[in-house]
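As a plain string of letters, each chain reads:
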Amino acid sequence: MVSKAKVTLVKNTSIYVFTGLINQLLVTILWILLAWWLAPSEVGIFSLMMFLVDFFGMINLFGLNSAMTRFYYSEKENSHIFNSGLGLFFLATFFTEILFFIVSKFFIIFLPEGGNIISENLIFFALAIFISSLASYMLAHYTSSRMAGIYAKFQMARTVMYCFLAGLFVYLGAGIMGVFYSFIISYLIVTIVFIVKEKDIISHNYFHKDIAKDLFLYGAPLMFYGILGVMVTYFSRLLMGIYGDLLTLGVYSFFFTLNLQINGLWSSFNRAWGPEVFFVFSEDKNRAMKNMEMMAFFISFLYLIGIIILMIFGELFLFKIILKDVYFINRELFYILLIQPLFTGIYTAYYPAYYYPKKTNVVLYVSIFVSFVDIVVTIFLVKFFGSLGASISYLFITIFTLFVYLFVFKKIMNIPQKNIDKLLIISFLIVLSTAVLIITSSYWLFIILLIIDAIFIFIIGKLHEKIYLVVNFLNVVKKKLL
(Lines give C-alpha, C1' and ligand atoms only; values in the text may rest on other atoms or scores of the structure.)
Protein backbone atom coordinates (compact mmCIF):
# COMPACT_ATOMS: atom_id res chain seq x y z
CA MET A 1 0.00 0.00 0.00
CA VAL A 2 1.34 3.43 -0.97
CA SER A 3 1.79 5.78 2.02
CA LYS A 4 0.10 9.16 2.19
CA ALA A 5 3.48 10.92 2.03
CA LYS A 6 4.39 9.09 -1.20
CA VAL A 7 0.99 9.90 -2.70
CA THR A 8 1.51 13.58 -1.85
CA LEU A 9 4.99 13.55 -3.37
CA VAL A 10 3.81 11.85 -6.55
CA LYS A 11 0.80 14.12 -6.83
CA ASN A 12 2.77 17.33 -6.28
CA THR A 13 5.66 16.21 -8.46
CA SER A 14 3.34 15.33 -11.33
CA ILE A 15 1.62 18.72 -11.00
CA TYR A 16 4.88 20.68 -10.87
CA VAL A 17 6.56 18.76 -13.67
CA PHE A 18 3.50 18.82 -15.94
CA THR A 19 2.92 22.53 -15.33
CA GLY A 20 6.62 23.26 -15.72
CA LEU A 21 6.69 21.31 -18.97
CA ILE A 22 3.77 23.33 -20.37
CA ASN A 23 5.23 26.63 -19.16
CA GLN A 24 8.68 25.93 -20.55
CA LEU A 25 7.19 24.68 -23.82
CA LEU A 26 5.20 27.91 -24.22
CA VAL A 27 8.27 30.05 -23.54
CA THR A 28 10.35 27.92 -25.93
CA ILE A 29 7.78 28.39 -28.70
CA LEU A 30 7.71 32.12 -27.93
CA TRP A 31 11.48 32.47 -28.30
CA ILE A 32 11.56 30.42 -31.48
CA LEU A 33 9.03 32.90 -32.91
CA LEU A 34 10.88 35.91 -31.50
CA ALA A 35 14.09 34.62 -33.09
CA TRP A 36 12.40 35.06 -36.48
CA TRP A 37 11.07 38.56 -35.67
CA LEU A 38 14.07 39.98 -33.80
CA ALA A 39 17.67 40.36 -34.90
CA PRO A 40 20.20 38.20 -32.98
CA SER A 41 21.71 41.45 -31.64
CA GLU A 42 18.40 42.30 -29.94
CA VAL A 43 18.34 38.86 -28.33
CA GLY A 44 21.85 39.63 -27.05
CA ILE A 45 20.70 42.94 -25.58
CA PHE A 46 17.81 41.23 -23.82
CA SER A 47 20.22 38.84 -22.10
CA LEU A 48 22.12 41.84 -20.72
CA MET A 49 18.85 43.38 -19.53
CA MET A 50 17.78 40.22 -17.75
CA PHE A 51 21.18 39.96 -16.07
CA LEU A 52 20.46 43.20 -14.22
CA VAL A 53 16.95 42.10 -13.24
CA ASP A 54 18.13 38.71 -11.98
CA PHE A 55 21.19 40.15 -10.22
CA PHE A 56 19.38 42.87 -8.28
CA GLY A 57 16.32 40.65 -7.88
CA MET A 58 18.47 38.12 -6.04
CA ILE A 59 19.60 40.85 -3.64
CA ASN A 60 16.00 41.96 -3.18
CA LEU A 61 14.73 38.42 -2.52
CA PHE A 62 17.49 37.90 0.07
CA GLY A 63 17.23 34.11 0.03
CA LEU A 64 13.84 34.37 1.75
CA ASN A 65 12.08 31.96 -0.61
CA SER A 66 14.48 29.18 0.38
CA ALA A 67 14.28 30.21 4.03
CA MET A 68 10.51 29.98 3.90
CA THR A 69 10.67 26.46 2.47
CA ARG A 70 12.95 25.34 5.29
CA PHE A 71 11.23 27.11 8.21
CA TYR A 72 7.70 26.11 7.22
CA TYR A 73 8.72 22.73 8.66
CA SER A 74 9.68 24.06 12.07
CA GLU A 75 7.66 24.63 15.23
CA LYS A 76 6.72 28.20 14.24
CA GLU A 77 3.41 29.26 12.66
CA ASN A 78 3.60 29.56 8.87
CA SER A 79 1.71 32.88 8.85
CA HIS A 80 4.28 34.32 11.25
CA ILE A 81 7.13 33.08 9.09
CA PHE A 82 5.54 34.50 5.94
CA ASN A 83 4.96 37.98 7.38
CA SER A 84 8.27 38.17 9.20
CA GLY A 85 9.94 37.34 5.91
CA LEU A 86 7.77 39.88 4.10
CA GLY A 87 8.96 42.60 6.46
CA LEU A 88 12.56 41.66 5.71
CA PHE A 89 11.75 41.66 2.00
CA PHE A 90 10.55 45.27 2.02
CA LEU A 91 13.60 46.33 4.01
CA ALA A 92 15.78 44.61 1.41
CA THR A 93 13.80 46.35 -1.35
CA PHE A 94 14.64 49.78 0.07
CA PHE A 95 18.39 49.13 -0.02
CA THR A 96 18.28 47.23 -3.33
CA GLU A 97 16.57 50.05 -5.23
CA ILE A 98 18.97 52.63 -3.80
CA LEU A 99 21.91 50.46 -4.85
CA PHE A 100 20.42 49.99 -8.32
CA PHE A 101 20.11 53.72 -9.00
CA ILE A 102 23.59 54.42 -7.57
CA VAL A 103 25.32 51.94 -9.88
CA SER A 104 23.10 52.68 -12.90
CA LYS A 105 25.51 55.35 -14.15
CA PHE A 106 28.11 52.63 -14.68
CA PHE A 107 25.88 50.51 -16.94
CA ILE A 108 27.06 52.29 -20.06
CA ILE A 109 30.66 51.40 -19.13
CA PHE A 110 30.20 47.71 -18.28
CA LEU A 111 27.32 47.04 -20.69
CA PRO A 112 28.26 49.27 -23.64
CA GLU A 113 26.02 47.56 -26.20
CA GLY A 114 22.83 47.68 -24.13
CA GLY A 115 23.68 50.44 -21.68
CA ASN A 116 21.76 53.15 -23.51
CA ILE A 117 18.50 51.19 -23.58
CA ILE A 118 18.87 50.36 -19.90
CA SER A 119 19.73 53.95 -18.89
CA GLU A 120 16.68 55.26 -20.75
CA ASN A 121 14.34 52.84 -18.93
CA LEU A 122 15.63 52.84 -15.36
CA ILE A 123 12.15 53.15 -13.82
CA PHE A 124 10.96 50.06 -15.68
CA PHE A 125 14.01 48.11 -14.58
CA ALA A 126 13.54 49.14 -10.95
CA LEU A 127 9.89 48.07 -11.17
CA ALA A 128 10.83 44.75 -12.79
CA ILE A 129 13.34 43.99 -10.01
CA PHE A 130 10.77 44.69 -7.28
CA ILE A 131 7.75 43.00 -8.86
CA SER A 132 9.49 39.81 -10.03
CA SER A 133 11.19 39.22 -6.68
CA LEU A 134 7.99 40.00 -4.72
CA ALA A 135 6.02 37.54 -6.86
CA SER A 136 8.71 34.90 -6.33
CA TYR A 137 8.52 35.37 -2.57
CA MET A 138 4.75 35.23 -2.45
CA LEU A 139 4.45 32.17 -4.66
CA ALA A 140 7.05 30.42 -2.49
CA HIS A 141 4.27 30.34 0.13
CA TYR A 142 2.41 27.80 -2.01
CA THR A 143 5.42 25.60 -2.76
CA SER A 144 6.51 25.66 0.89
CA SER A 145 2.97 24.73 1.95
CA ARG A 146 2.92 21.89 -0.61
CA MET A 147 -0.05 23.54 -2.36
CA ALA A 148 1.05 22.47 -5.82
CA GLY A 149 -2.30 22.96 -7.55
CA ILE A 150 -2.69 26.64 -6.61
CA TYR A 151 0.94 27.38 -7.46
CA ALA A 152 0.52 25.71 -10.85
CA LYS A 153 -2.50 27.90 -11.67
CA PHE A 154 -0.58 31.09 -10.86
CA GLN A 155 2.46 30.05 -12.88
CA MET A 156 0.42 28.93 -15.84
CA ALA A 157 -1.55 32.19 -15.89
CA ARG A 158 1.65 34.24 -15.70
CA THR A 159 3.33 32.31 -18.49
CA VAL A 160 0.33 32.57 -20.80
CA MET A 161 0.11 36.34 -20.19
CA TYR A 162 3.84 36.79 -20.71
CA CYS A 163 3.95 34.81 -23.96
CA PHE A 164 0.82 36.39 -25.40
CA LEU A 165 1.82 39.97 -24.56
CA ALA A 166 5.45 39.49 -25.63
CA GLY A 167 4.42 38.07 -29.00
CA LEU A 168 1.81 40.83 -29.46
CA PHE A 169 4.11 43.71 -28.50
CA VAL A 170 6.98 42.49 -30.69
CA TYR A 171 4.64 41.79 -33.61
CA LEU A 172 3.29 45.35 -33.29
CA GLY A 173 6.81 46.76 -33.49
CA ALA A 174 7.78 47.35 -29.86
CA GLY A 175 11.04 45.44 -30.36
CA ILE A 176 12.91 43.84 -27.50
CA MET A 177 11.39 46.27 -24.97
CA GLY A 178 8.02 44.71 -25.76
CA VAL A 179 9.29 41.44 -24.28
CA PHE A 180 10.45 43.33 -21.21
CA TYR A 181 7.12 45.14 -20.77
CA SER A 182 5.26 41.82 -20.90
CA PHE A 183 7.64 40.47 -18.24
CA ILE A 184 6.67 43.29 -15.86
CA ILE A 185 2.93 43.18 -16.58
CA SER A 186 2.61 39.41 -16.10
CA TYR A 187 4.40 39.47 -12.74
CA LEU A 188 2.41 42.53 -11.61
CA ILE A 189 -0.94 40.86 -12.28
CA VAL A 190 0.12 37.68 -10.47
CA THR A 191 1.22 39.74 -7.45
CA ILE A 192 -2.06 41.65 -7.29
CA VAL A 193 -4.14 38.47 -7.53
CA PHE A 194 -2.09 36.83 -4.76
CA ILE A 195 -2.59 39.80 -2.43
CA VAL A 196 -6.34 39.78 -3.05
CA LYS A 197 -6.61 36.01 -2.62
CA GLU A 198 -4.40 35.69 0.47
CA LYS A 199 -5.24 38.99 2.19
CA ASP A 200 -6.19 37.13 5.38
CA ILE A 201 -2.67 35.82 6.00
CA ILE A 202 -0.95 39.16 5.25
CA SER A 203 -0.76 41.22 8.42
CA HIS A 204 1.91 43.22 10.22
CA ASN A 205 0.56 41.73 13.45
CA TYR A 206 2.17 38.42 12.49
CA PHE A 207 5.63 39.97 12.25
CA HIS A 208 8.06 38.70 14.90
CA LYS A 209 11.59 40.01 15.37
CA ASP A 210 12.95 36.65 16.53
CA ILE A 211 11.60 34.86 13.46
CA ALA A 212 12.87 37.65 11.20
CA LYS A 213 16.29 37.26 12.77
CA ASP A 214 16.31 33.51 12.08
CA LEU A 215 15.20 34.11 8.49
CA PHE A 216 17.89 36.76 8.10
CA LEU A 217 20.65 34.49 9.35
CA TYR A 218 19.46 31.62 7.13
CA GLY A 219 18.72 33.74 4.08
CA ALA A 220 21.73 36.09 4.01
CA PRO A 221 24.26 33.45 2.93
CA LEU A 222 21.75 32.17 0.35
CA MET A 223 21.38 35.70 -1.03
CA PHE A 224 25.12 35.87 -1.68
CA TYR A 225 24.96 32.32 -3.00
CA GLY A 226 22.19 33.38 -5.39
CA ILE A 227 24.15 36.40 -6.56
CA LEU A 228 27.13 34.20 -7.33
CA GLY A 229 24.79 31.83 -9.16
CA VAL A 230 23.53 34.68 -11.35
CA MET A 231 27.12 35.73 -12.05
CA VAL A 232 28.04 32.17 -13.02
CA THR A 233 24.98 31.92 -15.27
CA TYR A 234 25.55 35.22 -17.08
CA PHE A 235 29.32 35.62 -16.89
CA SER A 236 30.08 33.95 -20.21
CA ARG A 237 27.53 36.16 -21.98
CA LEU A 238 28.92 39.29 -20.36
CA LEU A 239 32.39 38.31 -21.59
CA MET A 240 31.11 37.73 -25.11
CA GLY A 241 29.74 41.26 -25.01
CA ILE A 242 33.34 42.35 -24.37
CA TYR A 243 35.37 39.98 -26.56
CA GLY A 244 32.81 39.38 -29.29
CA ASP A 245 29.88 41.15 -30.91
CA LEU A 246 26.13 41.28 -30.37
CA LEU A 247 25.49 38.84 -33.23
CA THR A 248 27.58 36.11 -31.60
CA LEU A 249 26.13 36.98 -28.20
CA GLY A 250 22.61 36.83 -29.63
CA VAL A 251 23.08 33.36 -31.16
CA TYR A 252 24.53 31.98 -27.95
CA SER A 253 21.91 33.74 -25.81
CA PHE A 254 19.11 32.24 -27.91
CA PHE A 255 20.35 28.70 -27.31
CA PHE A 256 21.07 29.54 -23.68
CA THR A 257 17.48 30.77 -23.25
CA LEU A 258 16.19 27.45 -24.56
CA ASN A 259 18.55 25.72 -22.13
CA LEU A 260 17.09 27.76 -19.27
CA GLN A 261 13.62 26.46 -20.11
CA ILE A 262 14.89 22.92 -19.67
CA ASN A 263 16.56 23.82 -16.38
CA GLY A 264 13.25 25.37 -15.37
CA LEU A 265 11.81 21.84 -15.33
CA TRP A 266 14.25 20.92 -12.57
CA SER A 267 13.12 23.97 -10.62
CA SER A 268 9.53 22.81 -11.06
CA PHE A 269 10.48 19.33 -9.89
CA ASN A 270 12.37 20.68 -6.88
CA ARG A 271 9.33 22.62 -5.67
CA ALA A 272 7.80 19.26 -4.80
CA TRP A 273 11.00 17.32 -4.18
CA GLY A 274 12.64 19.70 -1.67
CA PRO A 275 9.77 20.04 0.84
CA GLU A 276 8.94 16.33 0.64
CA VAL A 277 12.52 15.17 1.27
CA PHE A 278 12.83 17.66 4.14
CA PHE A 279 9.75 15.97 5.58
CA VAL A 280 11.24 12.47 5.09
CA PHE A 281 14.54 13.60 6.64
CA SER A 282 12.68 14.48 9.83
CA GLU A 283 11.40 10.87 10.04
CA ASP A 284 14.05 8.64 8.46
CA LYS A 285 17.38 10.04 7.26
CA ASN A 286 18.52 6.77 5.64
CA ARG A 287 15.32 6.49 3.61
CA ALA A 288 15.71 10.08 2.45
CA MET A 289 19.28 9.37 1.30
CA LYS A 290 18.15 6.28 -0.65
CA ASN A 291 15.38 8.31 -2.26
CA MET A 292 17.90 10.91 -3.43
CA GLU A 293 20.20 8.23 -4.85
CA MET A 294 17.37 6.57 -6.75
CA MET A 295 16.07 9.88 -8.09
CA ALA A 296 19.52 10.95 -9.32
CA PHE A 297 19.79 7.89 -11.60
CA PHE A 298 16.13 7.90 -12.57
CA ILE A 299 15.97 11.51 -13.78
CA SER A 300 19.39 11.21 -15.47
CA PHE A 301 18.15 8.28 -17.52
CA LEU A 302 14.83 9.96 -18.40
CA TYR A 303 16.56 13.21 -19.37
CA LEU A 304 19.06 11.48 -21.64
CA ILE A 305 16.25 9.59 -23.39
CA GLY A 306 14.40 12.88 -23.84
CA ILE A 307 17.27 14.79 -25.46
CA ILE A 308 18.22 11.80 -27.61
CA ILE A 309 14.70 11.79 -29.09
CA LEU A 310 14.86 15.57 -29.54
CA MET A 311 18.21 15.36 -31.35
CA ILE A 312 17.04 12.56 -33.64
CA PHE A 313 13.96 14.49 -34.77
CA GLY A 314 16.03 17.67 -34.89
CA GLU A 315 18.61 16.16 -37.24
CA LEU A 316 15.99 14.49 -39.42
CA PHE A 317 13.87 17.58 -40.10
CA LEU A 318 12.75 19.61 -37.05
CA PHE A 319 15.59 22.08 -36.51
CA LYS A 320 15.87 22.91 -40.20
CA ILE A 321 12.21 23.95 -40.15
CA ILE A 322 11.97 25.94 -36.91
CA LEU A 323 15.39 27.62 -36.74
CA LYS A 324 16.78 30.50 -38.74
CA ASP A 325 19.89 29.59 -40.72
CA VAL A 326 22.12 31.61 -38.39
CA TYR A 327 20.96 29.42 -35.50
CA PHE A 328 20.78 26.13 -37.41
CA ILE A 329 24.42 26.20 -38.51
CA ASN A 330 25.46 26.81 -34.90
CA ARG A 331 23.33 24.04 -33.34
CA GLU A 332 26.47 22.36 -32.00
CA LEU A 333 26.34 24.99 -29.24
CA PHE A 334 22.79 23.92 -28.45
CA TYR A 335 23.76 20.25 -28.22
CA ILE A 336 26.57 21.01 -25.77
CA LEU A 337 24.24 23.17 -23.69
CA LEU A 338 21.65 20.36 -23.74
CA ILE A 339 24.05 18.17 -21.75
CA GLN A 340 24.32 20.68 -18.91
CA PRO A 341 20.78 20.16 -17.46
CA LEU A 342 21.61 16.47 -16.96
CA PHE A 343 24.00 17.45 -14.17
CA THR A 344 21.67 20.15 -12.88
CA GLY A 345 19.11 17.36 -12.48
CA ILE A 346 21.52 15.25 -10.44
CA TYR A 347 22.36 18.30 -8.32
CA THR A 348 18.63 18.85 -7.79
CA ALA A 349 18.14 15.26 -6.65
CA TYR A 350 20.72 15.81 -3.89
CA TYR A 351 19.68 19.42 -3.22
CA PRO A 352 17.92 18.67 0.12
CA ALA A 353 21.17 17.21 1.52
CA TYR A 354 22.85 20.60 1.16
CA TYR A 355 20.12 22.66 2.82
CA TYR A 356 18.62 20.41 5.49
CA PRO A 357 21.51 20.84 8.01
CA LYS A 358 20.92 24.67 8.08
CA LYS A 359 24.61 25.16 7.24
CA THR A 360 23.95 27.88 4.68
CA ASN A 361 27.32 29.44 5.51
CA VAL A 362 28.96 26.29 4.12
CA VAL A 363 26.81 26.61 0.99
CA LEU A 364 28.04 30.18 0.61
CA TYR A 365 31.73 29.22 1.03
CA VAL A 366 31.38 26.46 -1.55
CA SER A 367 29.64 28.86 -3.91
CA ILE A 368 32.44 31.43 -3.57
CA PHE A 369 35.04 28.79 -4.40
CA VAL A 370 33.05 27.46 -7.36
CA SER A 371 32.44 30.98 -8.68
CA PHE A 372 36.16 31.79 -8.54
CA VAL A 373 36.98 28.67 -10.55
CA ASP A 374 34.20 29.51 -12.99
CA ILE A 375 35.49 33.03 -13.59
CA VAL A 376 39.02 31.81 -14.31
CA VAL A 377 37.91 28.99 -16.62
CA THR A 378 35.29 31.08 -18.43
CA ILE A 379 37.64 34.00 -19.09
CA PHE A 380 40.15 31.65 -20.69
CA LEU A 381 37.67 29.63 -22.77
CA VAL A 382 35.58 32.58 -23.99
CA LYS A 383 38.63 34.68 -24.86
CA PHE A 384 40.19 31.96 -27.01
CA PHE A 385 37.19 29.92 -28.19
CA GLY A 386 34.28 32.38 -28.20
CA SER A 387 30.76 30.97 -27.98
CA LEU A 388 32.05 27.37 -28.12
CA GLY A 389 34.22 28.12 -25.11
CA ALA A 390 31.21 29.65 -23.33
CA SER A 391 29.20 26.44 -23.86
CA ILE A 392 32.04 24.25 -22.64
CA SER A 393 32.68 26.40 -19.57
CA TYR A 394 28.99 26.32 -18.58
CA LEU A 395 28.95 22.53 -18.84
CA PHE A 396 32.22 22.24 -16.94
CA ILE A 397 31.19 24.45 -14.05
CA THR A 398 27.90 22.59 -13.62
CA ILE A 399 29.72 19.25 -13.30
CA PHE A 400 32.36 20.82 -11.07
CA THR A 401 29.70 22.36 -8.82
CA LEU A 402 27.87 19.04 -8.46
CA PHE A 403 30.91 17.15 -7.22
CA VAL A 404 32.23 19.92 -4.98
CA TYR A 405 28.90 19.93 -3.14
CA LEU A 406 28.80 16.14 -2.95
CA PHE A 407 32.32 15.93 -1.50
CA VAL A 408 31.78 18.82 0.94
CA PHE A 409 28.49 17.42 2.29
CA LYS A 410 29.62 13.79 2.10
CA LYS A 411 30.70 13.78 5.76
CA ILE A 412 28.05 16.22 7.02
CA MET A 413 25.14 14.18 5.61
CA ASN A 414 26.83 10.75 5.33
CA ILE A 415 26.47 10.54 1.55
CA PRO A 416 27.76 7.06 0.55
CA GLN A 417 31.04 7.10 -1.39
CA LYS A 418 29.71 4.46 -3.79
CA ASN A 419 27.02 6.90 -4.92
CA ILE A 420 29.63 9.53 -5.73
CA ASP A 421 31.82 6.97 -7.53
CA LYS A 422 28.94 5.94 -9.80
CA LEU A 423 28.20 9.57 -10.65
CA LEU A 424 31.88 10.14 -11.46
CA ILE A 425 31.82 7.28 -13.96
CA ILE A 426 28.63 8.61 -15.57
CA SER A 427 30.13 12.10 -15.80
CA PHE A 428 33.27 10.78 -17.47
CA LEU A 429 31.25 8.96 -20.14
CA ILE A 430 29.04 12.00 -20.85
CA VAL A 431 32.05 14.33 -21.07
CA LEU A 432 33.82 11.88 -23.38
CA SER A 433 30.77 11.78 -25.68
CA THR A 434 30.66 15.60 -25.74
CA ALA A 435 34.38 15.78 -26.54
CA VAL A 436 33.80 13.46 -29.52
CA LEU A 437 31.10 15.85 -30.79
CA ILE A 438 33.43 18.85 -30.51
CA ILE A 439 36.32 17.07 -32.25
CA THR A 440 34.38 15.31 -35.03
CA SER A 441 31.29 17.59 -35.43
CA SER A 442 29.40 14.35 -36.09
CA TYR A 443 25.92 14.78 -34.67
CA TRP A 444 24.80 11.21 -35.35
CA LEU A 445 27.88 9.73 -33.67
CA PHE A 446 27.11 11.93 -30.67
CA ILE A 447 23.56 10.58 -30.54
CA ILE A 448 24.81 6.97 -30.67
CA LEU A 449 27.23 7.61 -27.80
CA LEU A 450 24.46 9.17 -25.72
CA ILE A 451 22.30 6.08 -26.29
CA ILE A 452 25.15 3.95 -24.94
CA ASP A 453 25.47 6.30 -21.96
CA ALA A 454 21.73 6.02 -21.23
CA ILE A 455 21.93 2.20 -21.26
CA PHE A 456 24.90 2.35 -18.87
CA ILE A 457 22.99 4.63 -16.46
CA PHE A 458 20.03 2.24 -16.54
CA ILE A 459 22.34 -0.66 -15.61
CA ILE A 460 24.58 1.03 -13.02
CA GLY A 461 21.59 2.65 -11.35
CA LYS A 462 19.83 -0.73 -11.20
CA LEU A 463 16.72 0.94 -12.54
CA HIS A 464 15.35 -2.41 -13.70
CA GLU A 465 14.92 -3.25 -10.01
CA LYS A 466 13.02 -0.01 -9.39
CA ILE A 467 10.65 -0.12 -12.35
CA TYR A 468 7.79 -0.72 -9.90
CA LEU A 469 8.24 2.86 -8.67
CA VAL A 470 7.48 4.11 -12.16
CA VAL A 471 4.39 1.88 -12.34
CA ASN A 472 3.19 3.19 -8.96
CA PHE A 473 3.84 6.74 -10.11
CA LEU A 474 1.81 6.30 -13.30
CA ASN A 475 -1.03 4.57 -11.41
CA VAL A 476 -1.31 7.42 -8.90
CA VAL A 477 -1.22 10.01 -11.68
CA LYS A 478 -3.90 8.06 -13.55
CA LYS A 479 -6.15 8.00 -10.45
CA LYS A 480 -5.67 11.72 -9.91
CA LEU A 481 -6.53 12.50 -13.50
CA LEU A 482 -9.63 10.33 -13.37
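Residues numbered from 1 in each chain as written. Predicted model: local features only at pLDDT ≥ 70, side-chain atom pairs only at ≥ 80, totals over all residues. Heavy atoms only, no water.

What to know about the packing of helix α12 (residues 285–322) against helix α14 (residues 331–349)
Next up, step 1: It is the contact of α12 with α14, at a shortest axis distance of 8 Å, that shows an interaxial angle of 165 degrees. By the angle between their directions, the pair α12 and α14 is classed as roughly antiparallel. As for how α12 packs across α14, the hand of that crossing is right-handed. Counting all contacts with α12, which are made through Met292, Met295, Ala296, Ile299, Ser300, Tyr303, Leu304, Ile307, Leu310, Met311, Glu315 and Phe319, the residues of α14 involved are Arg331, Phe334, Tyr335, Leu338, Ile339, Pro341, Leu342, Gly345, Ile346 and Ala349.
Next up, step 2: For the contact of α12 with α14, a count of residues per class yields 18 nonpolar, 2 polar and 2 charged. (Axes fitted to C-alpha atoms, helices over the stretch in contact; angles between N-to-C directions. Helix = DSSP H or I, 4+ residues; strand = E, 2+ residues; numbered from the N terminus. Parallel < 35°, antiparallel > 145°, perpendicular 65-115°, else oblique. Left-handed = near helix turned anticlockwise from the far one by under 90°. Contact = heavy atoms within 4.5 Å. Nonpolar A, V, L, I, M, F, W, Y, C, P; charged D, E, K, R; others polar.)

Here's the deal with the pattern of salt bridges
Next up, step 1: Using the criterion set out here, one finds 2 salt bridges in the structure.
Next up, step 2: Measuring nitrogen to oxygen at the nearest pair gives 3.2 Å for the salt bridge that ties Lys197 to Glu198.
Next up, step 3: Between Glu315 and Arg331 there is a salt bridge, with its nearest N and O atoms 2.8 Å apart. Of this pair, Glu315 sits in helix α12 while Arg331 sits in helix α14, placing them 16 residues apart in sequence.
Next up, step 4: Taking relative accessible area as the criterion, Glu315 reaches 18% and is therefore assigned buried.
Next up, step 5: Given the relative accessible area of 11%, Arg331 is considered buried. (Salt bridge = Lys/Arg side-chain N within 4 Å of Asp/Glu carboxyl O. Buried < 20%, exposed > 50% of the residue type's maximum accessible area, 1.4 Å probe, protein only.)

Describing the packing of α12 against helix α17 (residues 417–440)
Next up, step 1: Two numbers describe how α12 lies on α17: the axes approach to 11 Å, and their chain directions differ by 15 degrees. On the basis of the axis angle, α12 is roughly parallel to α17. Note that α12 runs across α17; the crossing there is left-handed. Residues Glu293, Phe297 and Leu304 of α12 touch α17, and the partners they reach there are Asn419, Lys422, Leu423, Ile426 and Ile430.
Next up, step 2: Looking at side-chain class alone, the contact of α12 with α17 contains 5 nonpolar, 1 polar and 2 charged residues.

Remarks on the packing of aromatic side chains
Next up, step 1: Per the stated rule, a full pass over the model turns up 39 aromatic pairs.
Next up, step 2: Aromatic side chains Phe313 and Phe317 sit 6.1 Å apart centroid to centroid with 90 degrees between the ring planes, which places their arrangement in the edge-to-face category. With a gap of 4 residues between them, Phe313 and Phe317 both fall in helix α12, about one helical turn apart.
Next up, step 3: Among the residues examined, Phe313 registers a relative accessible area of 41% and is labelled partly exposed.
Next up, step 4: Overall, Phe317 belongs to the partly exposed group, its relative accessible area being 42%. (Phe/Tyr/Trp six-rings, centres within 6.5 Å; stacked < 30°, edge-to-face > 60°.)

This is a description of form; function is not addressed.
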